[in-house]
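So the chains spell out like this:
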Amino acid sequence: MKFKRSIPFAVGFGLGFLFLLFLNLYSLSRSHELPGGGLCMDCGLPVGFPFTLYRTETFIGGEGFVASGVFANVIVAIVSGLILGWLFQKGRRAFSSISKLSRLD
């Protein structure tokens, strides 16, 4: 019985985590595109959402991961997953109590 109550939480947590992963991958895919179109392979651009995970630099070098951004993004993904999981679990409880009330009528 306890396992059934944790399924909505796990679904919400997974969706929140995957959504932020998608946003970071989207930021990576758009990292060399210029706003007006075209590509810029020699621009120092940050990659990551909501915090910078990786910084690309010029051809000379200086690119790499930003440790504080990676850590902050992991924390944001976990917290958003927890909040979304909690909301899914609360929504499931509210839905089940409404369906129980409708069966009583």
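Whatever comes next refers back to the structure up there.
Definitions and limits used
- Along each chain, numbering runs from 1 in the same order as the chain's sequence is written.
- Per-residue local features are limited, in this predicted model, to residues with pLDDT of at least 70; the limit for side-chain atom pairs, both in listing and counting, is 80 or more; totals at the level of whole chains, interfaces and linings are taken over all residues.
- Hydrogens and water molecules were not included; the side-chain quantities draw on all heavy atoms of the structure.
- Only DSSP runs of H or I covering at least 4 residues are called helices, and only runs of E covering at least 2 are called strands; the numbering of each starts at the N terminus.
- Remark: exposure states derive from per-residue accessible area (1.4 Å probe, protein chains only) relative to the maximum for the residue type, with buried under 20%, exposed over 50%, and partly exposed in between.
- By the convention used here, residues are in contact when the closest approach between their heavy atoms is within 4.5 Å.
- Each accessible area is a Shrake-Rupley result for a 1.4 Å probe, and residues are judged covered by the shown protein chains and nothing else.
- Stacked, tilted and edge-to-face are the three classes assigned to paired rings of Phe, Tyr and Trp, where Trp is represented by its six-membered ring and a pair needs centres within 6.5 Å; plane angles under 30 degrees give stacked, over 60 edge-to-face, the rest tilted.
- Only strands joined by at least two bridges in the DSSP assignment are considered to pair.
- Only residues whose relative accessible area exceeds 30% and that form no salt bridge are eligible for patches; like-charged ones are grouped when within 9 Å, while nonpolar side chains (Val, Leu, Ile, Met, Phe, Trp, Tyr) are grouped when within 5 Å.
- The working definition used for a salt bridge is a side-chain nitrogen of Lys or Arg within 4 Å of a carboxyl oxygen of Asp or Glu.

J.: Before we go on, may I ask you to explain the overall build of the protein chain in this structure?
T.: For the protein chain, the helix and strand inventory stands at 2 helices and 3 strands. Sequence-ordered secondary structure for the protein chain, helices as α and strands as β, is α-β-β-β-α. Counting every position in the protein chain, which comprises 105 residues, the buried fraction comes to 21%. In the protein chain, of all internal contacts separated by at least 6 residues, the share reaching a separation of at least 24 is 43%. For the protein chain, the computed accessible surface area is about 7,800 Å², with 73% contributed by carbon and sulfur atoms.

J.: What exactly am I supposed to notice about the packing of aromatic side chains here?
T.: With the rule as written, the count across this model stands at 4 aromatic pairs. Geometrically, the ring pair formed by Phe-9 and Phe-13 is stacked, given 6.4 Å between the ring centres and 20 degrees between the ring planes. Residue Phe-9 and its partner Phe-13 are located together in helix H1 (residues 2-29), separated by 4 residues, close to a single helical turn. A ring pair is formed by Phe-22 and Tyr-26, whose centres lie 6.3 Å apart and whose planes are at 25 degrees; its orientation type is stacked. Taken as a pair, Phe-22 and Tyr-26 lie in helix H1 at a separation of 4 residues, close to a single helical turn. Residue class for Tyr-26 comes out partly exposed when judged on its relative accessible area of 43%. Taken together through their ring pairs, the aromatic side chains of Phe-9, Phe-13 and Phe-17 make up a single cluster.

J.: For this particular structure, what's the right way to read the sheet that holds strand E1 (residues 45-47)?
T.: What holds strands together in a sheet is hydrogen bonding between their backbones, with the strands either parallel or antiparallel. Pairing is antiparallel across the open sheet formed by 3 strands, whose spatial order is E1-E2-E3. Either end of the sheet is taken by a strand with one partner, and the two such strands are E1 and strand E3 (64-65). Taken together, the 2 bridges between strand E2 (residues 54-56) and E3 define a ladder with antiparallel strand orientation. Paired with Arg-55 across the strands is Gly-64, a residue of E3.

J.: Help me understand a nonpolar patch on the surface, please; the structure alone is not making it clear to me.
T.: A cluster of nonpolar side chains, namely Ile-7, Val-11, Leu-15, Phe-71, Ile-75, Val-79, Ile-83, Trp-86, Leu-87 and Phe-88, defines an oily patch on the protein surface of about 920 Å² accessible area. Every element with two or more residues in the nonpolar patch is listed here: H1 and helix H2 (67-104). Position of Ile-7 relative to the elements: it lies in helix H1.

J.: Can you help me understand the environment of Gly-12 in this one?
T.: Within the element layout of this structure, Gly-12 appears in helix H1. Considered as a pair, Gly-12 and Leu-87 are 75 residues apart in the sequence and their alpha carbons are 7.5 Å apart. In this structure Gly-12 touches Gly-81, Leu-84, Gly-85 and Phe-88, once residues within four positions along its chain are discounted.

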